[in-house]
Amino acid sequence: MCLILFSWKETPGHDLVLLANRDEFLARPTRQADFWEDHPDILGGRDLEEGGSWLAVGTNRRMAAVTNVREPGRTVRDPISRGHLVTAFLTSMDSARHFARATRDQGDRYNGFNLLLYDGKELVFVSNRSTENVRVLPPGLYGLSNADLDTPWPKVESGKEDLERVLSGNPGWSLTDLMPILMDTTKAPDADLPRTGVPLEWERILSARCIRSPEYATRSSSIVLVTTDGGVTFRERTHQPNPHDVTFELIPCQQRP
């Protein structure tokens, strides 16, 4: 996953409003969002090559999302797949803060990652490539791509602006208003591109929120809403190879018949 935009405890009626695009090689086998056969209490997409995930939620209202860190030429020998961090958190009972600290201490076993963890109370960011590698996040509007949290890449900054405009300018906003934020294919001008060590043409391609190229592209767009009473909505739009939309609703325990 390469772009996450989220509002944390700043939107009336919602603790968390999170939008995310997963960018990946089209040849990598993937399963669209659903409940997992081996962990039926976990809902999310599945990487069929390594078995992990980029974004998933639990029926206990826990959530985890991961992005990689763009650092060409820097790799770990025999790394653990970063997608397993999502599974490990959702199958644990650890608080987000405790899990983040343990993950930080094992960070040298993974290639560069950013990990976002929600345990129903706190939202925590941890990275093995950040100087401030564990952060319990205060309320705010945030953006994350393939660098540190809130690194001002063009798609992060413009995405945050669009999310804030929808959430603050339309009290009756819905999923239909949020999805277009993720679908923007506009590329940044060359003067605004980050310099991350990939060729210029790739910097151009990767600068769009929704990436389109023959081999590597935005595979899916997801929205996770957590209401203040504990309800969770999860919508995923699969782009490649077979376009498809799915929506799941997790009802708070006190509202169940």
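What this report covers is the structure whose coordinates are included nearby. The structure displayed is predicted, hence computed values, not measured ones.

Quick notes on the environment of arginine 62
Working step 1: Here arginine 62 lies in the loop between strand E5 (55-58) and strand E6 (63-68).
Working step 2: When the C-alpha atoms of arginine 62 and threonine 91 are compared, they prove to be 9.5 Å apart, with 29 residues separating the residues in sequence.
Working step 3: Residues contacting arginine 62, with those up to four places away along its chain left out, are Ala56, Val57, Phe89, Leu90, Ser92, Met93, Asp94, Tyr118 and Asp119.
Working step 4: A polar side-chain atom of arginine 62 sits 3.2 Å from a polar atom in the side chain of serine 92.

Comments concerning the nonpolar core
Working step 1: Ranked by size, the top nonpolar core spans 28 residues in total, and within it Phe6, Leu18, Leu55, Met63, Leu116, Leu137 and Val224 carry the most contacts.
Working step 2: In this structure, methionine 63 is in contact with Leu16, Leu18, Leu55, Ala56, Val57, Phe89, Leu90, Leu116, Leu117, Tyr118 and Val224, ignoring residues within four places of it in sequence.

Here's the deal with the packing of helix H1 (residues 83-90) against helix H2 (residues 96-105)
Working step 1: The N-to-C vectors of H1 and H2 enclose an angle of 140°; their axes lie 11 Å apart at closest approach. Taken together, the axes of H1 and H2 are oblique relative to one another. With respect to the hand of their crossing, H1 and H2 are arranged in right-handed fashion. On H2, the residues that touch Leu85, Ala88 and Phe89 of H1 are Ala96, Phe99 and Thr103.
Working step 2: Residues that form the contact of H1 with H2 fall into these classes: five nonpolar, one polar and no charged.

Thoughts on the pattern of salt bridges
Opposite charge on two side chains lets them pair, provided their charged atoms get close.
Working step 1: The tally for this structure, following the rule as stated, stands at 20 salt bridges.
Working step 2: The closest approach of N and O atoms between arginine 129 and glutamate 71, which form a salt bridge, is 2.9 Å. With arginine 129 in the loop between strand E8 (123-127) and strand E9 (134-136) and glutamate 71 in the loop between E6 and H1, the pair connects residues that are 58 residues apart, well separated along the chain.
Working step 3: When the shortest N-O distance is used, the salt bridge between arginine 204 and aspartate 190 registers 2.7 Å. Of this pair, arginine 204 sits in helix H5 (residues 200-206) while aspartate 190 sits in the loop between helix H4 (175-182) and H5, placing them 14 residues apart in sequence.
Working step 4: Owing to a relative accessible area of 26%, arginine 204 belongs among the partly exposed residues under this scheme.

Remarks on unusual backbone geometry
Working step 1: You will see that arginine 61, though not glycine, has its phi angle at about 75°, which is positive.
Working step 2: Looking at the secondary structure, you find arginine 61 in the loop between E5 and E6.
Working step 3: By relative accessible area, which is 11% here, arginine 61 ends up buried.
Working step 4: If you check the backbone angles, aspartate 78 has positive phi at about 50° while not being a glycine.
Working step 5: Relative accessible area serves as the criterion here: at 69%, aspartate 78 is assigned to the exposed category.

Quick notes on the pairing of E6
Working step 1: Most of E6 sits out of view: five of its six residues are buried.
Working step 2: Two successive antiparallel strands, E5 and E6, enclose a turn made up of four residues, where arginine 61 displays a positive phi of approximately 75°.
Working step 3: Strand direction decides the pairing type here: E6 and strand E7 (residues 113-118), joined by six bridges, are antiparallel. Residue pairing for E7: alanine 64 is matched across the bridge by leucine 117.

Comments concerning the pairing of strand E3 (residues 30-35)
Working step 1: The sheet contact formed by E3 and strand E4 (residues 42-47) spans four bridges and is antiparallel. What sits directly across from arginine 31, in E4, is arginine 46.
Working step 2: Between E3 and the antiparallel strand that follows it, E4, lie six residues.

Some details on the sheet that holds E9
Working step 1: Overall, antiparallel pairing links the seven strands, which are arranged E3-E4-E5-E6-E7-E8-E9 in an open sheet. Where the open sheet ends on each side, the last strands, each with one partner, are E3 and E9. When strand polarity is set aside, the average angle formed by the axes of neighbouring strands in this sheet is 15°.
Working step 2: The sheet strands contacting H1 are E4, E5, E6 and E7, and the helix crosses E6 at an angle near 165°.
Working step 3: In the packing of H2 onto the sheet, the strands contacted are E7, E8 and E9, and the crossing angle to E7 comes to about 160°.

About the criteria used
Residues numbered from 1 in each chain as written. Predicted model: local features only at pLDDT ≥ 70, side-chain atom pairs only at ≥ 80, totals over all residues. Heavy atoms only, no water. Helix = DSSP H or I, 4+ residues; strand = E, 2+ residues; numbered from the N terminus. Contact = heavy atoms within 4.5 Å. Polar contact = N/O pair within 3.5 Å; in protein donor to acceptor, adjacent residues only side chain to side chain. Core = buried A, V, L, I, M, F, W, Y, C linked by side-chain atoms within 4.5 Å. Buried < 20%, exposed > 50% of the residue type's maximum accessible area, 1.4 Å probe, protein only. Axes fitted to C-alpha atoms, helices over the stretch in contact; angles between N-to-C directions. Parallel < 35°, antiparallel > 145°, perpendicular 65-115°, else oblique. Left-handed = near helix turned anticlockwise from the far one by under 90°. Nonpolar A, V, L, I, M, F, W, Y, C, P; charged D, E, K, R; others polar. Salt bridge = Lys/Arg side-chain N within 4 Å of Asp/Glu carboxyl O. Pairing = 2+ DSSP bridges.

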